[in-house]
Every structure is written in C-alpha cells, then in structure tokens.
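Close look at the chain arrangement
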Amino acid sequence: MRRVIAVALAGASLLGAASLGGCSSMSWDMFKSAPPTVQVRLESNPPGADATTSLGPGCKTPCSVSVPAPEAPFTVAFALPKYQPTSVPVNVIRSPGDFTTPASVTSDPNPVFAELQPATPPKPVRKPHRPKKPKPAAAAPAAAPAEAAPPAGSPFPDPNAGRR
C-alpha cells in the first residue's frame, strides 16, 4: 500500500514539474474578475434620438447599452434633429455582496428617459420701430374766395353761413 502511495506522489510531482514549465506564460490576471458592467436602457420621446453616455457607448433610442460600472455618476446626452438636445444624470448604485448574494451594480434611473422638446425657430430680428416724421404741410390749393371760411374770430362775416 505504501508503494502505491509513493508511486502516486512521485507521478503527481513529475506531472506538476512538467506543468510548471508552461506556467511562465500564465498570468495571474485570469483569476481576477472582470470589472462589473451595468446594462442601461435608453428611451426618448420621440424615439429615434441619438443617446450617448459620458462613458462612451451610445445607440439610437429605444435601445440598451452595457457600460463599465463607474465610481461616480455619469450622464446620457440625447440629440435629435429639430429638437433641443438634453442630458439626463444617472447614478450608480453598488450593493455589496455577502455569503448568500453576490455584489451587484445598478443604475438609477433605469430606463433613462428623455422628453425632447421641439426646437423653436429663431425669432426674426426686428428693427426698432421708429416713429414716422410728420410730413411738412403741403401748400393747400388756392380755394375760391366764396368757399374760404374766414379765420375764427374774424371781424368779417362768413359769406357761406346761410348756405350750409
């Protein structure tokens, strides 16, 4: 029985020594976990807006993007022709894991929603209103003496007074 154990140990040590030669190309990075990512749903009204996260990834709404979970909040910018661009802040919520549940990373809000407002056309530039200058009084055509009324307070009686 001791021989069987000794032979098994010797074989395992030879196998281990042979495999150590190939370890020079092995990296400890394979034991590290990948950085957590967050799946974020992006929506807009009207749909079809270009949504771009401040972390890089983007898409045309409605869509979803997977972003590496940042340590700080990030923003999503929405743009659509004939609409005013807008940005929505997104918070990252990290929940530490314990023995029964794994750690998780979520975003708030999710879905990220933007209500795009129509772009108002620029108002025409109006020149300030200048009051019209009064035109000089044109010389009145000479009226017949019978039709001309004497100025008020005139010592002469009105010749047309009885005809009106």
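Residues numbered from 1 in each chain as written. Predicted model: local features only at pLDDT ≥ 70, side-chain atom pairs only at ≥ 80, totals over all residues. Heavy atoms only, no water.

Describing the state of the cysteines
Note on terminology: disulfide describes a covalent bond linking the sulfur atoms of two cysteines. For the structure shown, the criterion picks out 1 disulfide. Each disulfide pairs two cysteine sulfurs, and for C59 the partner residue is C63, the sulfurs being separated by 1.7 Å. On the S-S bond that ties C59 to C63, the torsion sits near 60 degrees, and the link is right-handed. A single burial state applies to C59 and to C63, both of which are buried. (Disulfide = S-S within 2.5 Å. Buried < 20%, exposed > 50% of the residue type's maximum accessible area, 1.4 Å probe, protein only.)

Remarks on the sheet that holds strand β1 (residues 37-45)
Spatial ordering of the open sheet is given by β4-β1-β8, a layout of 3 strands whose pairing is mixed. Each end of this open sheet is capped by a strand with a single partner; those strands are β4 (63-68) and β8 (112-115). Strand-to-strand twist in this sheet, taken as the mean axis angle between neighbours without regard to direction, amounts to 25 degrees. (Pairing = 2+ DSSP bridges. Helix = DSSP H or I, 4+ residues; strand = E, 2+ residues; numbered from the N terminus. Axes fitted to C-alpha atoms, helices over the stretch in contact; angles between N-to-C directions.)

Focus: the pairing of strand β2 (residues 50-53)
Only one face of β2 is covered, namely the face carrying A51 and T53; the face carrying D50 and T52 is uncovered. For β2 and strand β3 (residues 58-60), the ladder comprises 3 bridges, and the chain directions are antiparallel. Looking at the pairing, A51 lines up with C59 of β3. Linking β2 to β3, which pair antiparallel, is a turn of 4 residues; within it G56 sits at a positive phi near 125 degrees. Two strands pair when backbone bridges link them, and β2 and strand β5 (residues 74-79) are joined in this way by 4 bridges, in the antiparallel orientation. Residue pairing in the sheet places A51 in a bridge with F78 of β5.

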